[in-house]
Amino acid sequence: MSALIKRALLSVSNKEGLVEFAKRLQGMGVELYSTGGTFKKLAGQGIEVKKVEDITGFPEMLDGRVKSLHPYIHGALLADRKNKKHMQQVKEMGLKLIDMVVVNLYPFKETISKPDVKMEEAVENIDIGGPTMIRSAAKNYKSVAVVVNPQDYSMIASEMEKNNGRLNDDTLFGLCVKAFGHTHQYDGFIHDYFSSLGGEGGFSDTVKFALSKIQDLRYGENPHQRAAYYRLSESQPGSLVDSEQLQGKELSYNNILDVNAAFSIVKEFPQICVSVIKHNNPCGAALGENVADAYKKAYKTDPVSAFGSVVACNEEWTGQAAEFLADKYVEVLIAPSFEKEALGILKKKENLRVLKIDFDLDEYIKRLTEGKIRQVDIKSVDGGMLLQDLDAGIDDRYKMQVVTDAKPSDRQWADLLFGWQIAKNVKSNSIVLAKDGMTVGIGAGQMSRIDSVRISIDKSEGRAEGSCLCSDAFFPFEDAVEVAAENGISAIIQPGGSVKDTQVIETCNRHGITMVFTGKRHFKH
């Protein structure tokens, strides 16, 4: 079975590839009809095309709000070619059957993504006729081809040229599925936009995710688990999903998770920052005067754990940094750009996956500071999902409270704030030791906070003295402070809020340790 395409209606917002497609349809004798800007585009290229009003006998009205909403259009799309009663009515009404609809919708997502977009502009970019035509054609997919993606133009034209103007049933059904996906995604944008206007950025009663597959993965966390990688339709510019792989093997499920964790750390620092990730936890992170300096310091935190790591940087990766990486076993490297010299060095490591992410650090920090970025963290549970705001942003030093007799020096403040930022990216219970703009020890994912403290000190290999201890949640007891004092730790930052806060503060005062309360917790489960 197949459908012969004799008449097509074209009405698109995205005109990519349209003219070439229309020429190929015309070359096969397809009669073309169009609306508004699409008509002007085609006619301007010398393509023989008629206006939709030649079918409806009714002009466009209300500034183009009404063009195709007419029984002569939808009757021509919805008529079941196998239904004798339908075809009799088509004949009696003098309908011209439409065999193909080529439609993509007003740029609603692009409109609402613009800074300071007005409600009136958003409303005018809600397409009415387009989704209606798509749904009519998709409902009658056995007889009508519905085309919503310009990337399908070449495939469709080639099949028609090969089959004397016909499309087979599998193609028609595949186009139908894409069409309903297109309208579903479009309505989701509109729903989410209007929902966001109804409150203080809360969560809707119902949530829909529009996802497009980037690739199938070889397997998931383990070889017996199937996996795929998807892009959220509402992903923001500079998102990981838009990164470009420059070299190396295909990314694995675990690679993608670790790359996300690595870049999530560095992208919030206005200074040059490098993170080294292993199993979704940083085994090192550092600020530096240059990229090579930052990488060397981050790597030095825990060279053993850095074997087979993922590395991220928020600035251009340099040749000097590439030379230092050259003899290291690294799974993935991600950065906004790469010096030519660096790419030449990295190319020698064939298995190293190198990702380039189009990321403007200054613009991101500006938008983050102004509160213009809202990202959602999604976790699955059995039979459902949990949604929360992503724990993004840099906490304000001036909202923190020094609670001990000893006050932090400028150097200590710098290390406390740096380590506090890293601690929120470490699995709870998390403890980070920071010194001179680098991590010197990290304790992650322990059931007991005191165990995380001990691990961080053990990882420091004697470098804990004079460092700052950063804890993602409060100390339930004084024991962690005692251990910190025994190892020469000079300052501590933590949320506060424990029933034992008074005893913890007194213990710090007894040992001459300065302590800062942030009033904010950073659990990461």
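Our structure's up above, just so we're on the same page.
Please read these numbers as outputs of a predicted model, since none were measured by experiment. (Residues numbered from 1 in each chain as written. Predicted model: local features only at pLDDT ≥ 70, side-chain atom pairs only at ≥ 80, totals over all residues. Heavy atoms only, no water.)

A. Main features of the environment of Leu361. Relative to the assigned elements, Leu361 resides in helix H15 (residues 361–369). Along the sequence, Leu361 and Pro336 sit 25 residues apart, while their C-alpha atoms lie 8.8 Å from each other. (Helix = DSSP H or I, 4+ residues; strand = E, 2+ residues; numbered from the N terminus.)

B. How the structure looks around the packing of aromatic side chains. A full pass over the atoms with the stated rule returns nine aromatic pairs. Residues Tyr141 and Phe173 carry aromatic rings whose centres are separated by 5.5 Å and whose planes lie at 65° to one another, so their mutual orientation is edge-to-face. Taken together, the positions of Tyr141 in the loop between helix H8 (129–139) and strand E6 (145–147) and Phe173 in helix H10 (residues 169–196) put the pair 32 residues apart, joining distant regions of the chain. Look at Tyr141 and you get partly exposed, because its relative accessible area is 23%. Their ring planes at 90° and their centres at 5.2 Å tell us that Tyr295 and Phe324 sit as a pair that is edge-to-face. Here Tyr295, found in helix H12 (residues 291–301), pairs with Phe324, found in helix H13 (residues 319–325); they are 29 residues apart in sequence, far enough to count as distant. Chaining the aromatic ring pairs together yields one cluster made of Tyr295, Tyr299, Trp317 and Phe324. For the cation-ring pair, Lys328 lies above Tyr299, with the distance from its terminal atom to the ring centre recorded as 5.1 Å. (Phe/Tyr/Trp six-rings, centres within 6.5 Å; stacked < 30°, edge-to-face > 60°. Buried < 20%, exposed > 50% of the residue type's maximum accessible area, 1.4 Å probe, protein only. Lys NZ or Arg CZ within 6 Å of the ring centre and 35° of its normal.)

C. Local environment of unusual backbone geometry. Cis peptide bonds are those with omega within 30 degrees of zero, and the linkage from Ser428 to Asn429 qualifies with -10°. Even without glycine at this site, Asn280 takes up a positive phi of about 70°. You can see Asn280 is positioned in the loop between strand E11 (273–278) and strand E12 (281–287). Positive phi, normally seen in glycine, also occurs at Asp436, with a value near 55°. Along the chain, Asp436 falls in the loop between strand E19 (431–435) and strand E20 (438–443).

D. Structural detail: the environment of Gly496. Mapped onto the secondary structure, Gly496 falls in the loop between strand E22 (491–494) and helix H19 (501–511). Note: C-alpha distance between Gly496 and Gly519 (23 residues apart in sequence) is 6.1 Å. The residues touching Gly496, leaving out its near neighbours within four places in the chain, are Phe474, Asp501 and Phe517. (Contact = heavy atoms within 4.5 Å.)

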